[in-house]
Amino acid sequence: MRDVTFQSAALKQEMTYRVFLPEKRNVGEKFPVVYLLHGNGGGFREWSNDSNVATYAARGVILVMPEGRSSYYLNAVERPADKYEDYLTQELITDVDVRFSAKPGRSNRAIVGVSMGGFAAIKMALSHPELYVFAGAISPPIDAPQRKFSWKRAGQWWGFRAIFGPMDSDERKARNPFVLVQSAVPQVTPYIYLTAGEQEPLLEPIQRFESRLKQRGLAHEFHTRPGGHDWYEWDAQIPGCFASLFTNVALNPGK
């Protein structure tokens, strides 16, 4: 395990990410990379602290856990300094490829997230299909850009406006997976692995989004299992997600 800090030009600050590397590495050997995105209120240590995901580094993959704060990993419309999407898709990939023994190219790169990170994994798969071969979304708040104002969640609504832009704006549409999926091209869209707990409060919009994936003919699978919106359920979903990753796409480091 290593923590790496470098100066981000996109965010104009130092950013830290955590890496799990395969323990057994031959000289010159390169490995595929899986980017793991944390949820809202978490941080770059969340995956390592709350799950058993480290075991997959032993399978011959590099696991990268970036810091996303509460950004949804997007370039925020009303916060010009928050260019998290540029950081994630441009700077971080470059830094990992140069710094570690990473196999370059789309076919060697996957992105997986929980909650907010799951939303981002889907959004990146649809906006940047040239970067990832696989996207895993565990309990994603996939409908976040569509949520209407309510006094009960007024603070969240204003936060979403800052990130996604005004309701019905072009900026918000460009950040809405329900809109992006309509123009997704099946031949180039990453394989999508979608999961949610049966007691998940976000289950209905996730099921609705899965129907859109099916209508568009996009390669994907969808699973539910007992549980809610927490790491107990998410950790139980990780083995299925990685099994799908190793089975359905070229990212297969072996056993």
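The following refers to the structure shown. Because the structure is predicted, anything quoted here is derived from the model rather than measured.

For Leu74, the location among the structural elements is in the loop between strand 4 (62-65) and helix 2 (84-99). Exposure remark for Leu74: the relative accessible area of 0% places this residue in the buried category. Considered as a pair, Leu74 and Met1 are 73 residues apart in the sequence and their alpha carbons are 27 Å apart. With near-sequence residues (within four places) excluded, Leu74 lies in contact with Asp82, Lys83, Tyr84, Glu85, Phe119, Lys123, Met124, Ile163, Phe164 and Arg175.

This brings us to the pairing of strand 4. Alternating positions in strand 4 separate into two faces, Ile62 and Val64 on one and Leu63 and Met65 on the other, with burial throughout. With 3 bridges joining them, strand 3 (residues 33-37) and strand 4 adopt parallel strand pairing. Residue pairing in the sheet places Tyr35 in a bridge with Val64 of strand 4.

What follows concerns the pattern of salt bridges. Enumeration over the complete set of coordinates arrives at 8 salt bridges. Among the ionic pairs, Glu78 bridges to Arg161, the shortest N-O distance being 3.0 Å. Of this pair, Glu78 sits in the loop between strand 4 and helix 2 while Arg161 sits in helix 4 (residues 154-164), and the two are 83 residues apart along the sequence. A relative accessible area of 37% means that Glu78 is categorised as partly exposed. Measuring nitrogen to oxygen at the nearest pair gives 3.9 Å for the salt bridge that ties Lys214 to Glu210. Taken as a pair, Lys214 and Glu210 lie in helix 7 (residues 203-216) at a separation of 4 residues, close to a single helical turn. A residue is classified by how much of its surface remains accessible, and Glu210, at 11% relative accessible area, is buried.

This part covers the sheet that holds strand 1 (residues 2-8). In space, the 8 strands of this open sheet follow the order 1-2-4-3-5-6-7-8, with mixed pairing throughout. With partners counted over all chains shown, the strands left at the sheet margins are strand 1 and strand 8 (220-225), one partner each. Geometrically, the sheet is characterised by an average inter-axis angle of 20° between neighbouring strands, direction not taken into account. Bridging between strand 1 and strand 2 (residues 13-20) involves 7 bridges; their strand directions are antiparallel. In the strand pairing of strand 2, Phe6 is matched with Met15. The strands touched by helix 2 are strand 1, strand 2, strand 3, strand 4 and strand 5 (109-114); relative to strand 1, the strand with the most contacts, the crossing angle is about 125°. Contacts between helix 3 (residues 116-127) and the sheet are confined to strand 3, strand 5, strand 6 (134-138) and strand 7 (191-197), with strand 5 contributing the most and set at about 145° to the helix.

This next bit is on the packing of aromatic side chains. By the definition in use, this model includes 15 aromatic pairs. Relative to Phe242, the ring of Tyr56 has its centre 4.1 Å away and its plane inclined at 15°; by these criteria the two rings are stacked. Remark: Phe242 occurs in helix 8 (residues 231-248) and Tyr56 occurs in the loop between helix 1 (46-50) and strand 4; sequence separation between them is 186 residues. Consider the rings of Tyr72 and Phe119, whose centres lie 5.3 Å apart with planes at 75°: the pair is edge-to-face. Taken as a pair, Tyr72 in the loop between strand 4 and helix 2 and Phe119 in helix 3 lie far apart in primary sequence, 47 residues in all. For the pair formed by Tyr72 and Phe119, the shared burial category is buried. Each member of the aromatic cluster is reached from another via a ring pair, and the members are Tyr72, Phe119, Phe160 and Phe164.

What counts and how
- Residues numbered from 1 in each chain as written.
- Predicted model: local features only at pLDDT ≥ 70, side-chain atom pairs only at ≥ 80, totals over all residues.
- Heavy atoms only, no water.
- Helix = DSSP H or I, 4+ residues; strand = E, 2+ residues; numbered from the N terminus.
- Buried < 20%, exposed > 50% of the residue type's maximum accessible area, 1.4 Å probe, protein only.
- Contact = heavy atoms within 4.5 Å.
- Pairing = 2+ DSSP bridges.
- Salt bridge = Lys/Arg side-chain N within 4 Å of Asp/Glu carboxyl O.
- Axes fitted to C-alpha atoms, helices over the stretch in contact; angles between N-to-C directions.
- Phe/Tyr/Trp six-rings, centres within 6.5 Å; stacked < 30°, edge-to-face > 60°.

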